[in-house]
Amino acid sequence: MDISSGDDSDISESEMEEYEDKCYEKLKNGKHIVKVSEETYTCPYCPKKKKQDYQYKDLLQHASGVGHSNSDKRSAKEKANHLALAKFLEKDLVAVGSSSKPKSEEDPISNCDHDEKIVWPWRGVVVNIPTRRSEDGRSVGESGSKLRDEFIRRGFNPIRVLPLWNYRGHSGTAIVEFHKDWPGLHNALSFEKAYEADHHGKKNWCANNGVKSGLYAWVARADDYNSSNIIGEHLRKTGNLKTISEIMEEEARKQERLVSNLTNIIETKNKHIQEMEARCSETSKSLKVLMEEKDNLLQAYNEEIKKIQLSAREHFQRILNDHEKLKLQLETHKTDLELRGAELEKREALNETERKKLAEELEQNAEQNSSLQLAAMEQKKADENVMKLAEDQKRKKEELHNRIIKLEKQLDQKQAIELEIEQLRGSLNVVRHMADDDDKEFLEKMEAILKELREKEAELEDLEALNQTLIVRERKSNDELQDARKELISGLKEISNRTDIGVKRMGELDSKPFLEVMKRRYNEDQAEERASELCSLWEEYLKDPDWHPFKRIKLEGEGEEEKYQEVIDEEDEKLRDLRNEMGLEVYESVTSSIKEINEYNPSGRYIISELWNYDKGRKASLTEGVLALLKLWNAAKRKRGIII
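Where an unreviewed UniProt entry is consulted, the chain appears under the name XS domain-containing protein, with the organism given as Corchorus olitorius.

S.K.: What should I look at first to understand the overall build of the chain in this one?
M.R.: Summing up its helical and strand segments, the chain has 18 helices and 13 strands in all. Going through the 644 residues of the chain one by one, you find that 29% of them count as buried. As displayed, the chain has an accessible area near 44,600 Å², and 49% of this comes from carbon and sulfur atoms.

S.K.: Looking at this structure, I do not really get the nonpolar core. What am I missing?
M.R.: A general trend in soluble globular proteins is that nonpolar side chains are found buried together. With 24 residues, the main nonpolar core has Trp122, Val126, Phe151, Val176, Phe178 and Phe191 as its most contacted residues. Contributions of two or more residues to this core are made by strand 1 (117–120), helix 6 (144–153), strand 6 (169–177), helix 7 (182–197), strand 7 (216–219) and helix 11 (244–324). If you tally residues by element for this core, the top one is helix 7, at 7 residues. Val517, Trp547, Val586 and Ile597 belong to the second-largest nonpolar core, a separate cluster that totals 21 residues.

S.K.: Which parts of the structure should I look at to understand the side chain of Asp224?
M.R.: Within the fold, Asp224 resides in helix 9 (residues 222–225). For Asp224, a relative accessible area of 9% corresponds to the buried category. Of the polar contacts made by the side chain of Asp224, one reaches the side chain of Trp218; its length is 3.2 Å. Engagement of the side chain of Asp224 in a polar contact is seen with the backbone nitrogen of Arg221, the distance being 3.2 Å. If we ignore the near neighbours within four places in the chain, the residues touching Asp224 are Lys202, Trp218, Val219, Ile231, Gly232 and Leu235.

S.K.: I would appreciate a short explanation of the sheet that holds strand 9 (residues 501–506) in the present structure.
M.R.: Think of a sheet as strands paired side by side through backbone hydrogen bonds, with each pair either parallel or antiparallel. Read across the sheet, 3 strands follow the order 9-12-13 without closing on themselves; strand pairing throughout is antiparallel. Edge positions in the sheet fall to strand 9 and strand 13 (618–619), since each of these pairs with one other strand and no more. Alignment of strand 9 against strand 12 (residues 608–613), held across 6 bridges, turns out to be antiparallel. The residue of strand 12 that forms the bridge with Val503 is Leu611. The strands touched by helix 17 (residues 584–600) within the sheet are strand 9, strand 12 and strand 13, with strand 9 carrying the most contacts at an inclination of about 95°.

S.K.: Any chance you could explain helix 1 (residues 16–28) here in plain terms?
M.R.: Given 3.6 residues per helical turn, the α-helix brings residues three or four places apart onto the same face. If you check helix 1, its first and last C-alpha atoms are 18 Å apart, about what 13 residues at 1.5 Å a residue would give, namely 18 Å. Residues of helix 1 that are buried sit in contact with helix 3 (76–91). The first or second residue beyond helix 1 is Gly30, which carries a positive phi of 85°.

S.K.: Can you walk me through a nonpolar patch on the surface in this structure?
M.R.: On the surface, Leu258, Leu262, Ile265 and Ile266 cluster together into a nonpolar patch covering about 350 Å² of accessible area. For Leu258, the location among the structural elements is in helix 11.

S.K.: What should I look at first to understand the packing of helix 14 (residues 512–519) against helix 15 (residues 524–543) in this one?
M.R.: Between two packed helices, both the angle of their axes relative to each other and the distance between the axes serve to describe the pair. Following both chains from N to C, one finds helix 14 and helix 15 inclined at 140°, their axes separated by 8 Å at the closest point. The orientation of helix 14 relative to helix 15 falls into the category oblique. Both helix 14 and helix 15 take part in a crossing whose hand is right-handed. Where helix 14 approaches helix 15, its residues Phe514, Leu515, Met518 and Lys519 are matched on the opposing element by Ala527, Glu528, Arg530, Ala531, Leu534, Cys535 and Trp538. When grouped by side-chain class, the residues that make up the contact of helix 14 with helix 15 number 8 nonpolar, no polar and 3 charged.

S.K.: Explanation requested: helix 15 in the structure shown.
M.R.: With 20 residues, helix 15 should reach 28 Å at 1.5 Å per residue; the first-to-last C-alpha distance of 29 Å fits that figure. Residues of helix 15 that are buried: Ala527, Ala531, Leu534, Cys535, Trp538 and Leu542. Each buried residue of helix 15 sits inside an arc of 105° when the element is viewed along its axis, so together they form one side. Tucked inside the fold, the buried residues of helix 15 contact helix 14, helix 16 (573–582) and helix 17.

S.K.: What is the right way to read the pattern of salt bridges from this model?
M.R.: Any two side chains of opposite charge can pair, on the condition that their charged atoms come close. Scanning the entire structure with this criterion turns up 13 salt bridges. Here Glu250 ties to Lys254 by a salt bridge, and the two come within 3.6 Å at their closest N and O atoms. Of the two residues, Glu250 and Lys254 both sit in helix 11, 4 residues apart, roughly one turn of that helix. Judged by its relative accessible area of 43%, Lys254 is partly exposed. Among the ionic pairs, Glu533 bridges to Arg530, the shortest N-O distance being 3.5 Å. Note that Glu533 and Arg530 are positioned in helix 15 at a spacing of 3 residues, about one turn of the helix. Given a relative accessible area of 43%, Glu533 falls into the partly exposed group. Connected through salt bridges with shared partners, the residues Glu116, Glu192 and Arg221 form a single ionic network.

S.K.: Is there a simple way to explain the packing of aromatic side chains in this structure?
M.R.: How two aromatic rings sit relative to each other is given by the distance of their centres and the angle of their planes. Here the structure, examined in full by the defined rule, presents 11 aromatic pairs. Plain terms: the ring middles of Tyr41 and Tyr56 are 5.9 Å apart, the flat faces sit at 65° to each other, and that makes the pair edge-to-face. In this pair, Tyr41 is assigned in the loop between helix 1 and helix 2 (56–67) and Tyr56 in helix 2, connecting sequence segments 15 residues apart. An identical accessibility class is assigned to Tyr41 and Tyr56; each is buried. A cation sits over an aromatic face here: Arg154 above Tyr195, 5.0 Å from the ring centre.

S.K.: Where do I start with the confidence of the model for the chain in this structure?
M.R.: Predicted coordinates in regions of low pLDDT should not be interpreted in detail. Looking at the chain, pLDDT values average 78 and 81% of them are 70 or higher. When mean pLDDT is compared element by element in the chain, strand 2 (residues 123–127) scores highest at 91, while helix 5 (residues 103–106) scores lowest at 42. This model gives residues 1–7 a pLDDT under 50, and the stretch forms 9 contacts once residues within four places in sequence are excluded.

S.K.: Which parts of the structure should I look at to understand a negative patch on the surface?
M.R.: On the surface, a cluster of negative charge is contributed by Glu452, Glu455, Glu459, Glu461 and Asp462. Within the secondary structure, Asp462 sits in helix 13 (residues 440–493). Accessibility expressed as a relative area gives 55% for Asp462, which makes it exposed.

S.K.: I keep staring at unusual backbone geometry and nothing clicks. Help me out?
M.R.: Note on backbone geometry: most residues besides glycine have negative phi, and most peptide bonds are trans. Between Trp120 and the following residue, Pro121, the backbone shows a cis peptide bond with an omega angle of 0°. Relative to the helices and strands, Pro121 is located in the loop between strand 1 and strand 2. The backbone of Asn157 sits at a positive phi, close to 50°, despite the residue not being glycine. For Asn157, the position within the fold is in the loop between helix 6 and strand 5 (160–166).

Thresholds, definitions, all that
- Residues numbered from 1 in each chain as written.
- Predicted model: local features only at pLDDT ≥ 70, side-chain atom pairs only at ≥ 80, totals over all residues.
- Heavy atoms only, no water.
- Helix = DSSP H or I, 4+ residues; strand = E, 2+ residues; numbered from the N terminus.
- Buried < 20%, exposed > 50% of the residue type's maximum accessible area, 1.4 Å probe, protein only.
- Areas by Shrake-Rupley, 256 points an atom, 1.4 Å probe, with all protein chains shown as cover.
- Core = buried A, V, L, I, M, F, W, Y, C linked by side-chain atoms within 4.5 Å.
- Polar contact = N/O pair within 3.5 Å; in protein donor to acceptor, adjacent residues only side chain to side chain.
- Contact = heavy atoms within 4.5 Å.
- Pairing = 2+ DSSP bridges.
- Axes fitted to C-alpha atoms, helices over the stretch in contact; angles between N-to-C directions.
- Expected span 1.5 Å × (residues − 1).
- Patch = residues over 30% accessible without salt bridge, like charges linked within 9 Å, V, L, I, M, F, W, Y side chains within 5 Å.
- Salt bridge = Lys/Arg side-chain N within 4 Å of Asp/Glu carboxyl O.
- Parallel < 35°, antiparallel > 145°, perpendicular 65-115°, else oblique.
- Left-handed = near helix turned anticlockwise from the far one by under 90°.
- Nonpolar A, V, L, I, M, F, W, Y, C, P; charged D, E, K, R; others polar.
- Arc of directions from axis to C-beta.
- Phe/Tyr/Trp six-rings, centres within 6.5 Å; stacked < 30°, edge-to-face > 60°.
- Lys NZ or Arg CZ within 6 Å of the ring centre and 35° of its normal.
- pLDDT = per-residue confidence, 0-100.
- Lys, Arg positive; Asp, Glu negative; His and termini not counted.
- Charge placed at Lys NZ, Arg CZ, Asp CG, Glu CD.

Structure representation (structure tokens):
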């Protein structure tokens, strides 16, 4: 469509508004094409410009910039056309164009040099502001609010505009302050680009090409910050030089701190919520219990009220009956007096009964005191019996020891007699071979030898009978000692207090070294689980009868008889691996358990209980066990308050 179909002559400033309205109506009627596609727009009044495709916001800034331009190069007609275009974009195409955001708004720093130093907070510099002389000779110019409103209409959204003043008055320059965020940077860059597109940027201002008219503007950078003029002084007072990379890193650090703080706050809130939920749950349970109690109390109260009401009805009925019997009041009064007398008699009888009960209780207390004394005496007798039992067991042990010595002597005597019998038999055979039938001397000698042989055989039979009797008695005494030892072990097991004499489970594996090693490798929960598994595994190894990690070594001595001793085989594969993997403490715990099993229960390979002297580290005697049990018994009696 021909955009120059109107009058080519220019218009005056007073006709701009009327011409602007006419152009706006033409745009509304579709006589000029503005929207090319969903995201692309064009300026119908700049057909000769190289850039024909705009996005919505860029076209709006172009139209506003040309329409409000103070440059003499722009004609009044051109300004009116662009003002009408800006009005059309804001009123008629704003809904459609709002969805198409320029790329710079989505990512305002994508086309910027991240290492270039820019004044932060973002500042714009405006120069060549028209000024005039006032009556007092000072320079005055446009206010900052008027410039700010103009920039807002053009879409740059500044916070404020600060004109710079010196001793002469208005300096003709101003600082434009933008928001500190990334949209503020986008507005500052758009502000700079708009003036550059209008040939009123920093390069145009610095170029020496004659007289300059209109406003020139750009974004404040390092050279402006470091300049020695009034602009540099103001920028150094109100801002700093930073690169976009530094600002992004600082924002990232702030964001991380914010996220960390928010995470901690959320965790704290979650814990608080959990605590509140737990309290709420407890409160709900308590409330439920209270409601149940309240219902039960209410039910009991209702039942009690019913009973009271029923009792009241009955009482009212009795009152009515009493009214009907008014004539018998005197007789009733007399009856009451008789009843009171009877009640007094009952009370006297009751007092007598109470006195009898009190006397009976006193007698019972006396009997209980007597029983307590008898119990104390019985306790004393029991202690004496225990001491006698200990002495008796000691005596039996000595007797058993003496019997064993005697038995050993008799065995030696028996062996000597058997040797003599064999010698006599040998002598008898020799005599038989040497003697003749008529040799009386040899016959008499043979008879003497036979007689002595018969006597020795009889003596041998007596010794065997005595030996058998002693063996039976020894076994019986040994069985009695073992039974007493078992009863003593059973009694000490039931007492939890640890004393010098106690019960030890021979062959039991100590799990503490396993746990200490696992704690150095895992956390506490995993360490306990792993230690329990390894301890159970080695307990199964200890029960295995096919595993015998011992070797026999010859003991050194001067005797003719060779003696051997079983010791731990350190080259055993399982023990060697255990020591290498778990350390010396676990190795010693396992070897100690296998030694105890090999000594006290090699055939069964299971744990047995034994009376043990912990102070001396050996098997305790029966006497030591009885004395320890007696000591614990007396301590228990003192706790119960029974003193003998």
